[in-house]
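# Observations on chain architecture
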Amino acid sequence: MEKHELQSLIEDLHGKYQSLDEGEVATYIPELGKANVDDFGVCLVTSDGRIFETGDCDRPFTIQSMSKPFTFGMAIEELGQEKVLQYVGVEPSGDAFNSIELQSGTNRPYNPMINTGAITVTALLHARHGDRTFDAVLARFSAAAGRPLTIDEAVYQSECRTGHRNRAIAHLLLNFDMVHQEAEAALDVYFKQCSILVTCHDLAIMAATLSNMGRNPLTRHEVFDIRCIRDMLSIMFTCGMYDYSGQWAYRVGVPAKSGVSGGVMAVVNRQLGMAVYSPPLDMHGNSRRGIEVCVELAARLGLHAFDCLNFGSSFLKVVL
Ligand code: GLU
């Protein structure tokens, strides 16, 4: 049988970028510094559940900041948009993910994709679920991936020991009444959510769950209420790729989120979830190979949300 066009494409891109020898693995969480710079996987999952993958798609790594859209979605679904937006904004910050700043006037974090906002979101979940917060997060992430996930205890301990900046953020938020008194307990959940282990394969299924309006395309489980998907995807579109989010929107043009462990996940609304794993990061904290692969996939398949030339031709013809 002839190889599917999408499978050939990702194998080509994997071969092309395997030799790209640029970027540095994150070391500010000491345990992340042990990542293998050669690990490289690319996985696409269509919204109707077809899987195309190549390279190291079964190698586990911690989800890190790619947890942020999912906890935000949980908060929107469980607490409602109005309540969540009292505590966190939807504006790109133009600053690093771990910057210690809040919006003037409201004292809200700029958005939920940076640490101030993500810790606030986790604290909102903690105010609701108490000691069971992490179990609720893990259950939801597992449903999105379609299998039971676990945490990397060593990365969690490493971040607990060295996460002084995040601790400072939690206390700043406490000072401004943006998190409740159990800021430390909420922070502990945040460290754990970042330490959830996923593979590139899992991440593409999680992205495909969002592309499929909240329903996991393989298990058919409705993981997120369809009403919170728009909130999740629009924040990913404007704020998901650190201080490269504007360029990403311009060049790739789909909602996405990356993490300092070297993962990137992207969502082509109602069509496709994509994930790339490769630990060396560029100056913005995005996977160096991950960016290249996604830029080229978007160009070759006409994935950009506003692509007028390709839309409806190459990609839709191949997949749908
Ligand atoms: N756990 C990391 C931190 O909060 C996540 C950072 C990231 O992936 O952007 O510092």
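A brief structural summary. (Residues numbered from 1 in each chain as written. Predicted model: local features only at pLDDT ≥ 70, side-chain atom pairs only at ≥ 80, totals over all residues. Heavy atoms only, no water.)

## Topic: the site of the ligand
- Near the ligand lie 13 residues; those nearest to it are Gln-64, Ser-65, Glu-159, Tyr-190 and Tyr-242.
- Here an oxygen atom of the ligand sits 2.6 Å away from a polar atom, N or O, in the side chain of Tyr-190.
- Side-chain polar atom of Tyr-242 to an oxygen atom of the ligand: 2.4 Å apart, as the coordinates give it.
- In isolation the ligand has 300 Å² of accessible area, and contact with the protein removes 99% of it.
- Its residues assigned to classes, the shell around the ligand comprises 7 nonpolar, 5 polar and 1 charged. (Near = heavy atom within 4 Å. Polar contact = N/O pair within 3.5 Å; in protein donor to acceptor, adjacent residues only side chain to side chain. Areas by Shrake-Rupley, 256 points an atom, 1.4 Å probe, with all protein chains shown as cover. Nonpolar A, V, L, I, M, F, W, Y, C, P; charged D, E, K, R; others polar.)

## Here's the deal with the packing of helix 4 (residues 115-129) against helix 8 (residues 183-194)
- For the pair helix 4 and helix 8, the least separation of the axes is 9 Å and the interaxial angle reads 115°. What the angle tells us is that helix 4 and helix 8 run roughly perpendicular. Here helix 4 runs over helix 8; the crossing is right-handed. Contacts between helix 4 and helix 8 involve Asn-115, Ala-118, Ile-119, Thr-122, Ala-123 and His-126 from the former and Ala-185, Ala-186, Leu-187, Val-189, Tyr-190 and Gln-193 from the latter. (Axes fitted to C-alpha atoms, helices over the stretch in contact; angles between N-to-C directions. Helix = DSSP H or I, 4+ residues; strand = E, 2+ residues; numbered from the N terminus. Parallel < 35°, antiparallel > 145°, perpendicular 65-115°, else oblique. Left-handed = near helix turned anticlockwise from the far one by under 90°. Contact = heavy atoms within 4.5 Å.)

## Things to note about the pattern of salt bridges
- Counted under the stated rule, the structure contains 17 salt bridges.
- Taking the shortest distance from any N to any O, the salt bridge between Glu-31 and Lys-34 comes out at 3.1 Å.
- Judged by relative accessible area, which is 22%, Glu-31 ranks as partly exposed.
- Using a relative accessible area of 62% as the deciding quantity, one classes Lys-34 as exposed.
- In this structure, Glu-296 and Arg-300 form a salt bridge, with 2.8 Å as the shortest nitrogen-oxygen distance. In this pair, Glu-296 and Arg-300 both sit in helix 12 (residues 288-301), 4 residues apart, roughly one turn of the helix. (Salt bridge = Lys/Arg side-chain N within 4 Å of Asp/Glu carboxyl O. Buried < 20%, exposed > 50% of the residue type's maximum accessible area, 1.4 Å probe, protein only.)

## A short note on the pairing of strand 7 (residues 272-277)
- Within strand 7, 6 of the 6 residues are buried, which leaves it mostly tucked inside the rest of the structure.
- Covered by surrounding structure in strand 7 are Leu-272, Met-274 and Val-276 together with Gly-273, Ala-275 and Tyr-277, the residues of both alternating faces.
- Here strand 6 (residues 263-268) runs beside strand 7; their pairing, made up of 6 bridges, is antiparallel. Residue pairing across strands places Val-267 opposite Gly-273, the latter belonging to strand 7.
- Between strand 6 and the antiparallel strand that follows it, strand 7, lie 3 residues; Arg-270 among them carries a positive phi value of about 65°. (Pairing = 2+ DSSP bridges.)

## Quick look at the packing of aromatic side chains
- By the definition in use, this model includes 7 aromatic pairs.
- Taking 6.3 Å as the distance between ring centres and 85° as the angle between the ring planes, the aromatic pair formed by Phe-237 and Phe-306 counts as edge-to-face. Within this pair, whereas Phe-237 is found in helix 10 (residues 226-239), its partner Phe-306 is found in the loop between helix 12 and helix 13 (314-319), the two being separated by 69 residues in sequence.
- You can call Phe-237 partly exposed: its relative accessible area is 22%. (Phe/Tyr/Trp six-rings, centres within 6.5 Å; stacked < 30°, edge-to-face > 60°.)

## Structural notes on the environment of Val-293
- Considering the arrangement of structural elements, one finds Val-293 in helix 12.
- Accessibility expressed as a relative area gives 0% for Val-293, which makes it buried.
- Taking C-alpha positions, Val-293 is 8.3 Å from Val-42, a pair spaced 251 residues apart along the chain.
- Excluding residues within four positions of it along the chain, Val-293 makes contact with Leu-13, Tyr-17, Phe-40, Val-42 and Val-276.

## Overview of the side chain of Arg-289
- Assignment of secondary structure puts Arg-289 in helix 12.
- The buried charged residue Arg-289 lacks any salt bridge partner; its closest oppositely charged side chain belongs to Asp-38, at an N-O distance of 4.5 Å.
- There is a polar contact of 2.9 Å between the side chain of Arg-289 and the side chain of Ser-278.
- When near neighbours in sequence (up to four residues on either side) are disregarded, Arg-289 contacts Tyr-17, Gln-18, Leu-20, Val-37, Asp-38, Asp-39, Phe-40, Ser-278 and Pro-280. (Lys, Arg positive; Asp, Glu negative; His and termini not counted.)

## Things to note about the environment of Ile-100
- Tracing the sequence through the fold places Ile-100 in the loop between helix 3 (81-87) and helix 4.
- Ile-100 gets classed as partly exposed once you look at its relative accessible area, which sits at 41%.
- For the pair Ile-100 and Ala-168, spaced 68 residues apart in the sequence, the C-alpha separation amounts to 8.1 Å.

## Description of the sheet that holds strand 2 (residues 51-55)
- If you walk across this open sheet you meet the 5 strands as 2-1-7-6-5, and the pairing is antiparallel. If you trace the sheet from one side to the other, it starts and ends with strand 2 and strand 5 (256-258), each paired once. Shown here is a sheet whose adjacent strand axes are inclined to one another by a mean of 5°, direction ignored.

## Structural notes on the nonpolar core
- Leu-203, Met-206, Leu-210 and Phe-224 are the most contacted members of the largest nonpolar core, which has 50 residues in total.
- Sorting the residues of this core by element identifies strand 1 (41-46), helix 2 (68-79), helix 4, helix 5 (133-145), helix 9 (200-211), helix 10, strand 6 and strand 7 as the ones contributing at least two each.
- Among residues more than four places away in sequence, those in contact with Phe-224 are Phe-70, Gly-73, Met-74, Glu-77, Arg-140, Leu-210, Met-213, Gly-214, Ile-229 and Met-232.
- Grouped together as the second largest cluster of nonpolar side chains are 30 residues, Ile-10, Phe-52, Val-276 and Val-295 included. (Core = buried A, V, L, I, M, F, W, Y, C linked by side-chain atoms within 4.5 Å.)

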